Amino acid sequence: MSAQCEKVNSTSPSCEFGPKLKLLRSNDQVRELQTILRDKNTSRTDFKFYADRLIRLVIEESLNQLPFDTCMVMTPTGNYYKGTKYQRGNCGVSIVRSGEAMEQGLRDCCRSIRIGKILVESDSDTHEARVVYAKFPHDIADRKVLLMYPIMSTGNTVIKAVNVLKEHRVAEDNIILSNLFTTPIAAQTITTAFPLMTILTSELYHIAPNHFGQKYFGTD
């Protein structure tokens, strides 16, 4: 796994997918969460609990990809402290429905952040993905966008969603895709189509847990 992709905060060289694909640093906690979410015997209650934990880790690291400014604050002791703050103009966009599972994790980290939505469905006859609904902040073209979609098997849904963002004049390098699980095929598809977009995922593996959305929302 480590040979395939650049790990966040790691000095290892970029992988075959390029430096914009970043892998959450793996440890025993992360591996346990991934294992629980893949286990068919995990109850829905446990699944949601542990999914939320992994989502929070991915969201936190995704936020580290956003630009910061330095700032000076006064402490209660009367001393100045040189710190950092996010630059203004960030927002989230979830790809309905599974992407909505990541919204609360983003709100827990950024209390007042605005969140848009994109609905992509597959045509019942042609099986081609198409966008049927999109709602964004009116000034999304001026914002950094955290695009949330937990599972990528082929990357087709994300391609449709990113194209809609670009149609709304969002710069490709202003998009950060927050993802839990992706396959190498999807990673290759996305990085080839959008080489300037940052992707943050927790795992690169040839089989994606496609039951995620149904199990998380209790529709399985």
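Before going into details, it helps to say that this report is about the structure given with it.

The rules behind each value
Residues numbered from 1 in each chain as written. Predicted model: local features only at pLDDT ≥ 70, side-chain atom pairs only at ≥ 80, totals over all residues. Heavy atoms only, no water. 1 Å grid on protein atoms, 1.4 Å probe; cavity = no way out; pocket = protein on both sides within 12 Å on 5 of 7 lines; lining within 4 Å. Points joined across faces, edges and corners; volume = space filled by probe spheres on them. Helix = DSSP H or I, 4+ residues; strand = E, 2+ residues; numbered from the N terminus. Nonpolar A, V, L, I, M, F, W, Y, C, P; charged D, E, K, R; others polar.

1. Examining the layout of surface pockets
Line of reasoning, step 1. In this structure, the largest pocket spans a volume of roughly 490 Å³.
Line of reasoning, step 2. Lining the largest pocket are 25 residues, and of these S98, Y149, I151, T157 and N210 sit closest to its centre.
Line of reasoning, step 3. Elements with a contribution of two residues or more to the lining of the largest pocket: strand 5 (90-96), strand 6 (114-122), strand 9 (151-152), helix 4 (156-167) and helix 6 (212-217).
Line of reasoning, step 4. Residue classes in the lining of the largest pocket are distributed as eleven nonpolar, twelve polar and two charged.
Line of reasoning, step 5. Within this model, the second largest pocket holds a volume of roughly 280 Å³.
Line of reasoning, step 6. For the second largest pocket, the full set of lining residues is L63, L66, Y86, Q87, R88, G89, N90, C110, S112, I113, R114 and R143.
Line of reasoning, step 7. Of the residues in the lining of the second largest pocket, the class split is five nonpolar, four polar and three charged.

2. Quick look at unusual backbone geometry
Line of reasoning, step 1. Residue R97 is bonded to the preceding V96 through a cis peptide linkage, with omega at 10°.
Line of reasoning, step 2. Even without glycine at this site, R169 takes up a positive phi of about 70°.

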